[in-house]
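# Observations on the three-dimensional arrangement
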Amino acid sequence: MKQLRGMFLEELSSEIVELGEKKFRAKQVNDWVVKGVSDFDQMKNISKGLKELLKDNFILNNMSIVRSQKSKDGTIKYLMKLHDNHVIESVLMKYKHGNTLCVSTQVGCRMGCSFCASTIGGKARDLSAGEILGQVYEAQNDTGEKVSNIVLMGSGEPLDNYDEVLKFIRLVNDENNLNISMRNITLSTCGIVPEIRKLMKEKLQITLAISLHAVDNGKRDNLIPVNKKYPIEELLETCKDYVKETGRRITFEYSLIEGENDSVAEAEKLAKLLRGMLCHVNLIPINPVREKKYKASKSQSVNKFRDALKRKGIEATVRRELGQDIDAACGQLRKSYLDDVE
Ligand code: SAH
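About the criteria used
- Residues numbered from 1 in each chain as written.
- Predicted model: local features only at pLDDT ≥ 70, side-chain atom pairs only at ≥ 80, totals over all residues.
- Heavy atoms only, no water.
- Buried < 20%, exposed > 50% of the residue type's maximum accessible area, 1.4 Å probe, protein only.
- Helix = DSSP H or I, 4+ residues; strand = E, 2+ residues; numbered from the N terminus.
- Pairing = 2+ DSSP bridges.
- Right-handed = clockwise from strand over helix to strand, strands pointing away.
- Expected span 1.5 Å × (residues − 1).
- Salt bridge = Lys/Arg side-chain N within 4 Å of Asp/Glu carboxyl O.
- Axes fitted to C-alpha atoms, helices over the stretch in contact; angles between N-to-C directions.
- Near = heavy atom within 4 Å.
- Polar contact = N/O pair within 3.5 Å; in protein donor to acceptor, adjacent residues only side chain to side chain.
- Nonpolar A, V, L, I, M, F, W, Y, C, P; charged D, E, K, R; others polar.

## Some words on the pairing of strand β13 (residues 279-285)
β13 sits mainly inside the fold: 7 of its 7 residues count as buried. With burial as the criterion, each face of β13 is covered, one bearing Cys-279, Val-281, Leu-283 and Pro-285 and the other bearing His-280, Asn-282 and Ile-284. Judged from the 7 bridges that link them, strand β12 (residues 250-256) and β13 form a sheet pairing that is parallel. Bridge pairing in β13 links Ser-255 to Ile-284. A crossover links β12 with its parallel partner β13, the connecting element being helix α9 (residues 264-274), and its sense is right-handed.

## Topic: helix α4 (residues 129-143)
For α4, built from 15 residues, the straight-helix expectation of 21 Å at 1.5 Å per residue is met to within 8% by its first-to-last C-alpha distance of 22 Å. Most of α4 is tucked away: 12 of the 15 residues are buried. Within the span of α4, buried status applies to Ala-129, Gly-130, Glu-131, Ile-132, Leu-133, Gly-134, Gln-135, Val-136, Tyr-137, Glu-138, Ala-139 and Gln-140.

## Topic: the pattern of salt bridges
The final tally for this structure, using the stated rule, is 24 salt bridges. Between Glu-131 and Arg-125 there is a salt bridge; the shortest N-O distance is 3.0 Å. Arg-125 carries the same exposure label as Glu-131, and that label is buried. Lys-295 is paired through a salt bridge with Glu-258; the nearest N and O atoms lie 3.9 Å apart. A residue pair is termed long-range when its members are at least 10 positions apart, and Lys-295 in the loop between β13 and α10 (299-311) and Glu-258 in the loop between β12 and α9 qualify at 37 residues. Of the residues examined, Glu-258 reaches a relative accessible area of 30% and is grouped as partly exposed.

## Describing the sheet that holds strand β3 (residues 63-70)
Pairing in this open sheet of 10 strands is mixed, and the strands run β3-β4-β5-β6-β9-β10-β11-β12-β13-β14 from one edge to the other. Among the strands making up the open sheet, the edge pair consists of β3 and β14 (316-318). Averaged over all neighbouring strand pairs, the angle between strand axes comes to 25°, with direction disregarded. As paired elements, strand β4 (residues 76-82) and strand β5 (residues 87-95) share 6 bridges and run antiparallel to each other.

## Concerning the site of the ligand
Inspection of the region around the ligand gives 19 residues, with Gly-156, Ser-188, Ser-211, His-213 and Asn-287 positioned closest. Gly-156 is positioned such that a nitrogen or oxygen atom in its backbone is 3.0 Å from a nitrogen atom of the ligand. Residue Ser-255 places a side-chain N or O atom 3.2 Å away from a nitrogen atom belonging to the ligand. Among the elements of the structure, β10 (185-189) and β12 are those that each provide at least two residues to the shell around the ligand. In terms of residue class, the shell around the ligand is built from 9 nonpolar, 8 polar and 2 charged.

It is worth stressing that arrangement in space is one thing and function is another; only the former is reported here.
What follows is the structure in structure tokens.
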């Protein structure tokens with residue numbers, strides 16, 4: 001059966017017409033789907049007959065929240081169960097400018113980054129556009145508040161699930177769907193060069209974030225294995241082309257690990273690498289993961305790193321860490337859940 005979540009209105013219209021119903025019904029059904037209802041019986045202006053038809057032909061409720069953790073700062077971490085019992089994480093962060101939801105794009109991940117909890121059990125499967133969108137509907141339902149910003153920074157590598165991720169971005173931006181501005185969407189990647197090249201041709205107004213985390217290939221190979229295939233020089237060349245092609249500023253993510261990548265010399269090298277590029281650096285002390293050996297940089301080293309970048313003319317901010325009192329690092333809540341049930 002097809003999932004109702006994750007369909008453009010035009011797709012739904014042709015499905016509804018094929019079932020022998022009037023086309024305008026599709027808009028009514030679509031409005032309910034976008035409201036995030038989880039049960040066909042909640043669709044008030046839909047006839048009993050059409051509801052039965054929908055029940056026989058479509059899945060509406062493609063996930064449910066099985067656990068959530070709320071932080072003192074308002075951050076909520078959700079664990080959502082999919083129809084095949086896989087679980088994924090999403091995180092809602094409250095900022096003055098609105099609610100940001102961090103969504104997962106895959107069940108697990110196969111990129112193998114050495115500091116990341118999402119990759120520990122490998123990748124189970126890709127998420128469909130409707131399952132990425134479902135995370136937004138569920139979070140909105142749970143809080144009764146709108147999500148205004150989306151970051152594709154949960155579990156999974158978005159560019160390793162290109163088609164569904166692009167469909168999600170276009171859907172969530174669609175005026176018949178949540179109508180979230182492209183400018184309020186950030187896609188984060190560990191640096192899959194051919195897919196970044198493909199993405200730049202789409203000329204979307206989204207923000208591209210690159211997980212850099214190191215300035216020389218030896219270290220980056222160890223942290224982010226995909227670097228062996230697409231080394232730093234090639235990645236940064238691609239980023240320069242991306243900026244030229246889209247006119248959009250790139251964000252570089254740099255997680256600081258004590259004694260590993262946090263020296264002032266490395267900050268200076270980073271500034272040199274990024275010189276002349278329309279970009280911004282986000283610094284974040286690494287979130288220690290139980291299974292991994294890394295320690296977060298001290299706030300003094302973080303500030304020194306930031307100041308060194310600024311001295312060389314590179315914009316940099318230290319990201320405020322939200323949700324420190326809950327399982328904050330990527331994939332940790334899912335991991336602790338799986339450890340419990342297995
Ligand atoms: N696969 C994508 C998006 C998911 S991870 C990517 O690699 O960009 C989102 C960000 O969190 C990435 O920058 C990732 O490197 C970083 N990250 C993962 N585990 C982390 C940890 N334990 N501490 C700090 N940042 C982490």
